[in-house]
Amino acid sequence: MIYQTFAELYDELFDPAMYQQWLDFVRRELPHKDGQLLELACGTGRLGVLLAQDGYQVTGLDLSDNMLALAQSHADEAAVTLPLLQGDMLDLSAIGQFDAVTCFADSFCYLPDIATVQQAFEQVAQHLTASGEFLFDVITPYQTDEVYPGYMYNYRDEDRAFMWTSYAGEQPHSAEHDLTLFIYNEDKQAFDEVSELHQERTYVLADYRQALQAAGFSQVMVSADFGRQQPDAQTTRWFFKCRK
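Residues numbered from 1 in each chain as written. Predicted model: local features only at pLDDT ≥ 70, side-chain atom pairs only at ≥ 80, totals over all residues. Heavy atoms only, no water.

A. Summary view of the overall build of the chain. Broken down by element type, the chain carries 7 helices and 11 strands. Relative to a compact globule of 244 residues, whose C-alpha radius of gyration would be 18 Å, the chain shows 18 Å and is just as compact. Along the first, second and third principal axes, the C-alpha set of the chain runs to 60 × 45 × 30 Å. Buried positions account for 48% of the 244 residues belonging to the chain. Here the contacts in the chain between residues at least 6 apart in sequence split such that 64% fall between residues at least 24 apart. Per element, the accessible surface of the chain, about 12100 Å² overall, is 49% carbon and sulfur. Side-chain charges in the chain split into 14 positive and 38 negative, and the spacing between the mean points of these groups amounts to 8 Å. (Helix = DSSP H or I, 4+ residues; strand = E, 2+ residues; numbered from the N terminus. Rg over C-alpha atoms; globule rule 2.2 N^0.38 Å. Buried < 20%, exposed > 50% of the residue type's maximum accessible area, 1.4 Å probe, protein only. Contact = heavy atoms within 4.5 Å. Areas by Shrake-Rupley, 256 points an atom, 1.4 Å probe, with all protein chains shown as cover. Lys, Arg positive; Asp, Glu negative; His and termini not counted. Charge placed at Lys NZ, Arg CZ, Asp CG, Glu CD.)

Here's what the structure looks like:
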């Protein structure tokens, strides 16, 4: 149950403005809404609900049952149709073809190495229609090397406390996020504690381009600021638009 609370707290504390910016990015890059869109790593479904409300025919896929339970709750609350699949982005063999695939919130950065990232790209390519488009984002080496080390965030209310501390990881361009949640247990009259260690890793832009090309993507555009700017040396997140 406490892991469900972890998912709920993540959902509660995540900046809602980010979802609107991802929606705007999709609107600009995928103006036609008549095709089928797959949202990889859909999480709690906040973006999927916004996409569905905007007229996209979106399906969400995530590895976490807890996240998908929240996504279903949000879809029901918004009265939208949002099919949800539990699955691994490294094996999409059980699903069909889509006209577009998205994957945001640096979800590919939680994969262990560039070979695994390429495997995910290959799965996307295999499940895109011939003219399909692939939108995603990743954090940059500037984010992992300069921004994350020493980052701290704390939150507390009457029943919960949450601590987030980030460190530089052991691998190049990696970071570790130490997340600890304390939640009050009425039966014990004390706090239960659960911790998670999240590891992210990113790569230089040339590595992403090479992995995309090997996966079958011949047209790759890269931007910053949700597609509104050209990347520079202090860009914290790259945005990709790819076609086969």
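B. The arrangement of the packing of aromatic side chains in detail. If you walk through the whole model with that rule in mind, you get 19 aromatic pairs. A ring pair is formed by Tyr151 and Trp164, whose centres lie 5.6 Å apart and whose planes are at 75°; its orientation type is edge-to-face. Placement of Tyr151 in the loop between helix H6 (141-147) and strand E6 (152-156) and of Trp164 in strand E7 (residues 160-168) is noted, with a sequence separation of 13 residues between them. For Trp164, a relative accessible area of 26% gives the class partly exposed. One aromatic cluster is present, built from ring pairs that chain together Phe108, Phe121, Phe134, Phe136, Tyr203, Tyr208, Phe217, Trp238 and Phe240. (Phe/Tyr/Trp six-rings, centres within 6.5 Å; stacked < 30°, edge-to-face > 60°.)

C. Representation of helix H3 (residues 46-53) within the structure. Considered for burial, the residues of H3 that qualify are Leu47, Gly48, Val49, Leu51 and Ala52. Contacts made by the buried residues of H3 are with helix H2 (16-29), strand E1 (36-40), strand E2 (57-62) and helix H4 (65-78). Looking at the residues trailing H3, positive phi occurs at Gly55, about 105°.

D. How the structure looks around the layout of surface pockets. What the second largest pocket holds in volume is close to 250 Å³. The wall of the second largest pocket is formed by Tyr110, Leu111, Pro112, Gly169, Glu170, Gln171, Ser174, Ala175, Glu176, Gln199, Glu200 and Arg201. Elements that contribute at least two residues to the lining of the second largest pocket include exactly strand E8 (174-185) and strand E9 (190-201). Considering only residue class, the lining of the second largest pocket consists of 4 nonpolar, 4 polar and 4 charged. (1 Å grid on protein atoms, 1.4 Å probe; cavity = no way out; pocket = protein on both sides within 12 Å on 5 of 7 lines; lining within 4 Å. Points joined across faces, edges and corners; volume = space filled by probe spheres on them. Nonpolar A, V, L, I, M, F, W, Y, C, P; charged D, E, K, R; others polar.)

E. Structural view of the sheet that holds E6. Across the sheet, which stays open at both edges, the 4 strands sit in the order E6-E7-E8-E9 with antiparallel pairing between neighbours. Of all the strands in the sheet, just E6 and E9 have a single pairing partner and so form its edges. The average angle at which neighbouring strand axes cross in this sheet is 10°, direction not considered. Bridge analysis of E8 against E9 gives 12 bridges, and the strand direction is antiparallel. By the bridge assignment, Tyr184 is partnered in E9 with Phe191. (Pairing = 2+ DSSP bridges. Axes fitted to C-alpha atoms, helices over the stretch in contact; angles between N-to-C directions.)

F. A look at a negative patch on the surface. A grouping of Glu158, Asp159, Glu186 and Asp187 is seen on the molecular surface, where their side chains present a negatively charged patch. When you line up the elements, Asp159 lands in the loop between E6 and E7. With relative accessibility at 42%, the residue Asp159 sits in the partly exposed group. (Patch = residues over 30% accessible without salt bridge, like charges linked within 9 Å, V, L, I, M, F, W, Y side chains within 5 Å. Salt bridge = Lys/Arg side-chain N within 4 Å of Asp/Glu carboxyl O.)

G. Region of interest: the nonpolar core. In this structure, Leu40, Phe108, Phe121, Phe134 and Phe136 are the most contacted members of the largest nonpolar core, which totals 35 residues. Contact partners of Phe108, with chain neighbours within four places excluded, come to Leu40, Met89, Cys103, Val117, Ala120, Phe121, Phe134, Phe136 and Val138. Counting 23 residues, the second-largest nonpolar core is a separate cluster that includes Met18, Tyr19, Leu51 and Ala52. (Core = buried A, V, L, I, M, F, W, Y, C linked by side-chain atoms within 4.5 Å.)

H. Quick peek at the packing of H3 against H4. Put simply, H3 and H4 touch, their axes get as near as 9 Å, and they point 30° apart. Accordingly, the angle class assigned to the pair H3 and H4 is roughly parallel. Regarding H3 and H4, the two cross each other, and that crossing is right-handed. Contacts between H3 and H4 involve Arg46, Val49 and Gln53 on the former and, on the latter, His74, Ala75 and Ala78. Looking at the contact of H3 with H4 residue by residue, the class counts come to 3 nonpolar, 2 polar and 1 charged. (Parallel < 35°, antiparallel > 145°, perpendicular 65-115°, else oblique. Left-handed = near helix turned anticlockwise from the far one by under 90°.)

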